[in-house]
Amino acid sequence: MPCYPALALLLGSAMATGGPWIDRGARALGAVAALAAVTVIAVAFAVRNLPTPGDISSALSHHPSAYTLSLGHMLDLTFDSFAYLRWPLCLAGAAFLLGAVGNLRWSGMRSFLASGLMMMLFFHAARLALVVFDPYLSSRPLADAFASAPPGKLIVDHHYYSFSSVIFYTGQDPLLLNGKFNNLEYGAAAPGAPAVFLNDSEFKELWSSGNRYYLVASQAGADRIESLVGREHFQIVATSGGKFLLTNIGAKSPPGILPTTDRRRQSG
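Residues numbered from 1 in each chain as written. Predicted model: local features only at pLDDT ≥ 70, side-chain atom pairs only at ≥ 80, totals over all residues. Heavy atoms only, no water.

What to know about the overall build of the protein chain
For the record, the criterion: Comment: elements are numbered from the N terminus, with helices defined as DSSP H or I runs of at least four residues and strands as E runs of at least two. Between the two quantities, the radius of gyration covers C-alpha atoms and the globule rule is 2.2 Å times the number of residues to the power 0.38. To sort residues, take the accessible area from a 1.4 Å probe on protein chains only and compare it with the maximum for the residue type: under 20% means buried, over 50% means exposed, and anything in between is partly exposed. For every accessible area listed, the method is Shrake-Rupley and the probe measures 1.4 Å; residues are considered covered only by the protein chains on display. Positive charges come from Lys and Arg alone, negative charges from Asp and Glu alone, with His and the N- and C-terminal ends not counted. Lysine's charge is taken at NZ, arginine's at CZ, aspartate's at CG and glutamate's at CD.
A tally of regular secondary structure across the protein chain gives ten helices and six strands. Over its C-alpha trace the protein chain gives a radius of gyration of 24 Å, far above what one expects of a compact globule, namely 18 Å for 268 residues. Residues classed as buried in the protein chain amount to 36% of the 268 residues present. Carbon and sulfur atoms make up 65% of the accessible area of the protein chain, which amounts to about 15,200 Å² in all. Side-chain charges in the protein chain split into 19 positive and 16 negative, and the spacing between the mean points of these groups amounts to 11 Å.

So, the layout of surface pockets
As a reminder of what qualifies: Think of a 1 Å grid over the protein atoms and nothing else: a 1.4 Å probe that fits but is trapped marks a cavity, an open set flanked by protein within 12 Å on at least five of seven lines marks a pocket, and residues with an atom within 4 Å of a point count as lining. Grid points are joined across faces, edges and corners, and a volume is the space filled by probe spheres set on the points. In this classification, Asp, Glu, Lys and Arg are treated as charged, Ala, Val, Leu, Ile, Met, Phe, Trp, Tyr, Cys and Pro as nonpolar, and every other residue, Gly included, as polar.
Each pocket or cavity is described by its volume, and for the second largest pocket that value is around 1,000 Å³. Lining the second largest pocket are 25 residues, with Leu 71, Met 74, Ala 126, Ala 129 and Phe 133 sitting closest to its centre. Residue assignment for the lining of the second largest pocket shows that the elements contributing at least two residues are helix H2 (20–46), helix H3 (86–105) and helix H4 (109–137). Here the lining of the second largest pocket gets seven residues from one element, more than from any other, and that element is H4. For the lining of the second largest pocket, a count of residues per class yields 22 nonpolar, three polar and no charged.

Regarding the pairing of strand S4 (residues 213–218)
Each regular strand carries side chains that alternate between the two faces of the sheet. Our working rule: In this scheme, strands are said to pair when DSSP sees at least two bridges between them.
Burial within S4 is extensive, with five of its six residues counted as buried. Summarising the sheet, strand S1 (residues 153–157) and S4 pair through four bridges and their orientation is parallel. Of the residues in S4, the one forming a bridge with Lys 153 is Tyr 213. Relative to strand S6 (residues 243–247), S4 runs antiparallel, the two being bridged by five bridges. Bridged to Leu 215 within S6 is Leu 246.

Notes on the sheet that holds strand S3 (residues 197–198)
The condition that has to hold: A contact between two residues is defined here by any heavy atoms of the two lying within 4.5 Å. Where helices are involved, their axes are fitted lines through C-alpha atoms of the stretch in contact, as for all axes, and angles between N-to-C directions lie from 0 to 180°.
Taken in spatial order, the six strands line up as S3-S2-S1-S4-S6-S5 in an open sheet, and their pairing is mixed. The strands lining the two open edges of the sheet, one partner per strand, are S3 and strand S5 (235–240). The sheet strands contacting helix H9 (residues 219–229) are S1, strand S2 (175–177), S4 and S6, and the helix crosses S4 at an angle near 125°.

Overview of the pattern of salt bridges
Keep this limit in mind: Just to be clear on terms, a salt bridge is a Lys or Arg side-chain nitrogen sitting within 4 Å of an Asp or Glu carboxyl oxygen.
Scanning all chains against the criterion turns up three salt bridges. Measuring nitrogen to oxygen at the nearest pair gives 3.3 Å for the salt bridge that ties Arg 140 to Asp 144. With Arg 140 and Asp 144 both in helix H5 (residues 140–148) and four residues apart, this pair spans about one turn of that helix. For Arg 140, a relative accessible area of 37% gives the class partly exposed. Using a relative accessible area of 41% as the deciding quantity, one classes Asp 144 as partly exposed. Put simply, Asp 157, Asp 200 and Arg 224 are held in one network by salt bridges that share partners.

Re the packing of helix H1 (residues 4–17) against H4
Our working rule: To sort the angles, those under 35 degrees are grouped as roughly parallel, those over 145 as roughly antiparallel, those from 65 to 115 as roughly perpendicular, and the leftovers as oblique.
Relative orientation of the contacting elements H1 and H4 amounts to 175°, with a least axis distance of 11 Å. By the angle between their directions, the pair H1 and H4 is classed as roughly antiparallel. Where H1 approaches H4, its residues Tyr 4, Leu 7, Ala 8, Leu 11, Ala 14 and Met 15 are matched on the opposing element by Met 109, Phe 112, Ser 115, Gly 116, Met 119, Phe 122, Phe 123 and Ala 126. Tallied by class, the residues present in the contact of H1 with H4 amount to twelve nonpolar, two polar and no charged.

Next up, the structure:
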């Protein structure tokens, strides 16, 4: 999305400049838009009958090493994940089709108008796609569940950055379970650094202390905690986008959410 203002400026510059080279560029843009329209419509048609259980996270692959790169999450897309994006795909296909027809058949201000409308429709399609991806890219639902749950101390499993939005929305100063690595390791070794880092044994001691704790973890993290403390010693408070909010005391799993052991049994 940050590139759209730059593209709008380029379109405005073309409108102000005009000339035969601009007309050739419009034809080239129309050809590219036509190829994109055919591709998008073909993908939308191919996934029309695919089931979409849960949210889009269940259909994505995971490449954490790429997330520090621009567009790193693009590697997570799978063909099945496009079934969750049917409406954005249809809208993007309509946008490309409009751009193709407008730039191949028209010239001058009409082609510019078609390009502008194509950009507006595609921008809206991208916004709808981000709404679908929100449970996967954001942890806001877990933060909301924590805020409405009985008071307790928050613990973040593994890396701080994976659940930074939970910390932002809750305003908590969490404990970090096995989070002392990468650039956080340097600060942890500084004199006077707060004692927020836990290893497995320290976590297990706190979890069984009788005080209420909450843990934010991924699916893999939830499975590891189950093997560490036992399924009977934690409950699922909320889940969103393949991420979990767990507690050690008195919470009940929301309707429709299976414990990790039951999920394995059902999938097997």
